[in-house]
Each structure stands twice: as C-alpha cells, then as structure tokens.
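Now for the letters of each chain:
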There are 2 protein chains.
Amino acid sequence: MPAPARTSTDAVVSAGRAIIERDGLAALTMQAVAAAVGVRAPSLYKRVAGRDGLVRLIADQAAMEVAAQLDDAIGGVDPAADLRALAAALRAFALRNPATFPLLFDPRLAGVSPEARDRSVGAVRRVAAALAGAEHELPAARMVVAWANGFVTMELAGAFQLGGDVDEAWDYALDGLVVALGRREDRGGRV
Amino acid sequence: MPAPARTSTDAVVSAGRAIIERDGLAALTMQAVAAAVGVRAPSLYKRVAGRDGLVRLIADQAAMEVAAQLDDAIGGVDPAADLRALAAALRAFALRNPATFPLLFDPRLAGVSPEARDRSVGAVRRVAAALAGAEHELPAARMVVAWANGFVTMELAGAFQLGGDVDEAWDYALDGLVVALGRREDRGGRV
DNA sequence: ACCTGAACACCGTTCAAGT
DNA sequence: ACCTGAACACCGTTCAAGT
C-alpha cells in the first residue's frame, strides 16, 4: 500500500525560507526543516536535491516574488516615476526579506533560474528603454539594477556607517539616474 | 619549556583565503586550514576565533587590500578619470578574488572592521566630492559605491545573461555617473 | 606557552526495511 | 510510493594531557 505524501516541495521551501528569515542561513538544517514540516530529515530528499538544492529553490521562489512585485510597481505613464517605483519595490522586498534577498546574487548559486531571471528583468528593461531609448535599453537596465542591488546589499550588510541620511542617498542617486539615463537628449549639444 | 609558535594568525588567514579562492567557501574547513599551515585543527583556536572569526579576518584582510588599491588608482588631476580608475580598480580586485570579494558585503558578517571600511571609503569620498561638490559628497560616494559593488556582484554571480557586452554596460554606466554627479552645474538652468 | 589526541555534539546524506 | 531508524563520513569545538 503506497504511503501518502505527508508534505510537499512548496511546504519544504516555505519552511526553509521562514527558518532563514527567523534564525539565519546557518540555522537552515535539514533536521530543522523536516521538523517544521512534520517529517524526518531523510524524507526531504524526496522533495529537494539536498540542502544546496533547497537553498536554490528558496532563491528561485524569492526571485519570482520580486519579479511580480516589480511588475506591479510600474504604472507605465511616467518613466521617471516608474523608475522610482521599481527601485522602491526592490528595496522594500529586500528589507522585508533581509536574509533571503542576498541569496539572489550569491555567486555560489551561480544565478537564479532562467525563468525567474527573465521575469525580473522584464520590468526593468521596459523602464530603461522608456528613459534611455531602445538603443540603450540593456546597458541602462544594467546600470539601474546594479545600483539598486548594490545599494540594498550594502544597506542590509550595515555598510552605511558614516552617518548621513540613507534615504537621502537613495533619492539623490535616483535623481541622478534619471538624469544619466535621459542624457541622450543632450547629445551634440555639449560635450 | 614553552612550545614555540608553529604558525601565525597571518599565515592562517592567508591559507584560509587561498582555500576559498581555490575551492570555494564550503571547502574552508578548520582541518583544511590547519593542514595548509602544518598544524592540527585545535591549534587554530589560539590564532583565530573559530571558523566564523577566520572568515571575518579574511574579509578584513581583503578590505584593506581593496582600500590600498583604490588609493593607488586615483591620480588627483581629473575627477572623471579618477572615478573610472577607482571603479576599474574595484572591478579588477573582484575579478581577481571572486570568492573573497562577496565576503565584503556579506550581511552575516555585519560589515567589515571599521578601520578597513574607513580606508576604503576615503578615496571614493574624495573623488565624489571633486565631481559632485562637497555638499553632495556622501550621497554621491554612496551612489558610486553602490553601483560598482552591485555591478561586480552581479558579474561574479553570473547575473548578466541577456547577451550584450558587459564591458559596454560598464562604460555606459560610468559615463552616466559622471553626468549624474556633475549635474549640479545644470541647477536652475532647467527642471 | 603552544600543540595534540580524544571526545562530544551536530550535520548532510544514504539505504535497507517498513507500511 | 513515501517514510523511517540506523549508520557513515565529516565537521566545529573543547579540554585534559603532553612538551
């Protein structure tokens, strides 16, 4: 008589993510996850490719969430406003998921799944194209994403310790990005 | 008769860093480090506050190195050229130390030692002040550092997978940063 | 004063045996 | 078809005993 499944991959991933956010990545043990879903550690190997596989699934789940929230953030009318909304959505997600977010760009994972990545960049590319022109879409999107990820990464790491207002630095850079991406209008006018 | 020291904290830290760069962070075991310096694992606890303490010292050592290389990179004549040189030095360090670099902004370390941090930001702040004016020094420096760190972090994580030339994106963003930081000259001219 | 073997608690993972 | 206890290899860390 086949034994019925007592948990699911989704439950395992969510439990793992909750553990990371509550107690940190080091607390993510197979036994802790198993206990959280009401099973024994060896059973997890039916759902997940070991601890490393679980971490990757957590990162993928988070990446899909970010993508959805970036999509929701843009309105499509004012490109500059969309850029700010996009960045704000990313930052809000990171501050709400401070332990999970850094997984998205962990070099040990060598990137998140292609589907999650493609969804995430879609919104950014549209805004970048609207601001910088289609011919600069890719480098403009990369500039925005690099800055935003770097900023929240440093914020999460507690790297802004020289005083000053972190929110002011955030707004200053966003103003600068709008100017920088929109600068093609100045071409030829001056050096 | 007191036993003579058979290794040193420096040797332990360097050996640990070499292991990380060669085989990854997961290969950094106390036994591997001990073997590399010719000692048994328990002896390392005389030099280093456990594995976590060792990782922190590796990050601090790397941070001091980055700081020195950033200092060396700037010439002091042309601020825009200094910005490019600064960014290039950071990127070169990251590509030469792909496993160590991400430790610098690992939230689990909650930042690198204050001395290393202060040294690192010194060069960036000078360049930021020269480009953006003293009144915007801090937010300008944060914009530059956030972008540069974000860019190389994504590059190391293999996050630039949409094709296109990564170097082109790098140069595009640097051009944009020069424009963005120097935009105070445009104040009042237009919105 | 530092080094070591032995020991402890804990971890990821495998697998034969259960149902 | 999934779950489990038992087992294995490995890890970080402590500490009494050596020199």
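Residues numbered from 1 in each chain as written. Chains lettered and ligands numbered in written order. Predicted model: local features only at pLDDT ≥ 70, side-chain atom pairs only at ≥ 80, totals over all residues. Heavy atoms only, no water.

A. Main features of the protein's contact with DNA strand D. Residues in contact with DNA strand D amount to 21 residues; listed here are only the nearest, A:R6, A:R40, B:M30, B:Y45 and B:R51. Contacts to DNA strand D include A:R6, whose backbone N or O atom sits 2.8 Å from a phosphate oxygen. Here a phosphate oxygen of DNA strand D sits 2.9 Å away from a polar atom, N or O, in the main chain of B:R51. Mapped by element, the contributors of at least two residues to the surface near DNA strand D are α2 (30-37) and α3 (50-73) of chain B. In terms of residue class, the surface near DNA strand D is built from 12 nonpolar, 5 polar and 4 charged. (Near = heavy atom within 4 Å. Polar contact = N/O pair within 3.5 Å; in protein donor to acceptor, adjacent residues only side chain to side chain. Helix = DSSP H or I, 4+ residues; strand = E, 2+ residues; numbered from the N terminus. Nonpolar A, V, L, I, M, F, W, Y, C, P; charged D, E, K, R; others polar.)

B. Local environment of the protein's contact with DNA strand C. If you check the shell around DNA strand C, you find 21 residues, and the closest are A:M30, A:Y45, A:R51, B:R6 and B:R40. The contact in question runs from a phosphate oxygen of DNA strand C to an N or O atom on the side chain of A:Y45, over 2.8 Å. Between DNA strand C and B:R40 there is a distance of 2.9 Å, counted from a phosphate oxygen to a backbone nitrogen or oxygen. Looking at the surface near DNA strand C, the elements with two or more residues in it are α2 (30-37) and α3 (50-73) of chain A.

C. The arrangement of the interface of chain B and chain A in detail. At the junction of the two partners, chain B supplies 49 residues and chain A supplies 49 residues. Counting the surface lost from both chain B and chain A, the interface buries some 4000 Å², and carbon and sulfur atoms represent 68% of this. By the criterion of area lost to chain A, the three top residues of chain B are B:R142, B:L162 and B:Y172, representing 20% of everything that side buries. The tally of links from chain B across to chain A stands at 2 residue pairs in polar contact (both at pLDDT 80 or more). If you list the elements that add at least two residues to the side of chain B that touches chain A, you get α5 (114-132), α6 (137-156) and α7 (166-181) of chain B. Residue contributions to the side of chain B that touches chain A peak at 14 residues, all from α6(B). A per-class count over the side of chain B that touches chain A returns 28 nonpolar, 9 polar and 12 charged. (Contact = heavy atoms within 4.5 Å. Buried area = accessible area lost by both parts, 1.4 Å probe.)

D. Quick look at the pattern of salt bridges. In the structure shown here, the tally under the stated rule is 16 salt bridges over all chains. Here A:D106 ties to A:R108 by a salt bridge, and the two come within 2.9 Å at their closest N and O atoms. With a closest N to O distance of 2.8 Å, B:D175 and B:R84 form a salt bridge. Of this pair, B:D175 sits in helix α7 while B:R84 sits in helix α4 (residues 79-96); the two residues are 91 residues apart in sequence, bridging distant segments of the chain. Look at B:R84 and you get partly exposed, because its relative accessible area is 33%. (Salt bridge = Lys/Arg side-chain N within 4 Å of Asp/Glu carboxyl O. Buried < 20%, exposed > 50% of the residue type's maximum accessible area, 1.4 Å probe, protein only.)

E. Quick look at the environment of A:G53. As for its position among the elements, A:G53 is in helix α3. In this structure the C-alpha to C-alpha distance between A:G53 and A:V13, which are 40 residues apart in sequence, comes to 9.9 Å.

F. Just the packing of α3(A) against helix α5 (residues 114-132) of chain A, in detail. Residues and elements named next belong to chain A. Remark: α3 packs on α5, axes separated minimally by 8 Å, with the N-to-C direction vectors making an angle of 25°. As the angle between them shows, α3 and α5 are arranged roughly parallel. Viewed along their axes, α3 and α5 form a crossing whose handedness is left-handed. Here α3 contributes D60, A63, M64, A67, A68, L70 and D71 to the contact with α5, which in turn contributes E115, A116, R119, S120, A123, V124 and R126. Within the contact of α3 with α5, the residues separate by chemical class into 8 nonpolar, 1 polar and 5 charged. (Axes fitted to C-alpha atoms, helices over the stretch in contact; angles between N-to-C directions. Parallel < 35°, antiparallel > 145°, perpendicular 65-115°, else oblique. Left-handed = near helix turned anticlockwise from the far one by under 90°.)

G. Representation of the packing of aromatic side chains in the model. Residues and elements named next belong to chain A. Overall, the coordinates contain 8 aromatic pairs over all chains when judged by the stated rule. Centre to centre, the rings of W147 and W170 are 4.7 Å apart; their planes meet at 35°, and the pair counts as tilted. Residue W147 is found in helix α6 (residues 137-156), and its partner W170 is found in helix α7 (residues 166-181); the two are separated by 23 residues along the sequence. With a relative accessible area of 1%, W147 lands in the buried category. (Phe/Tyr/Trp six-rings, centres within 6.5 Å; stacked < 30°, edge-to-face > 60°.)

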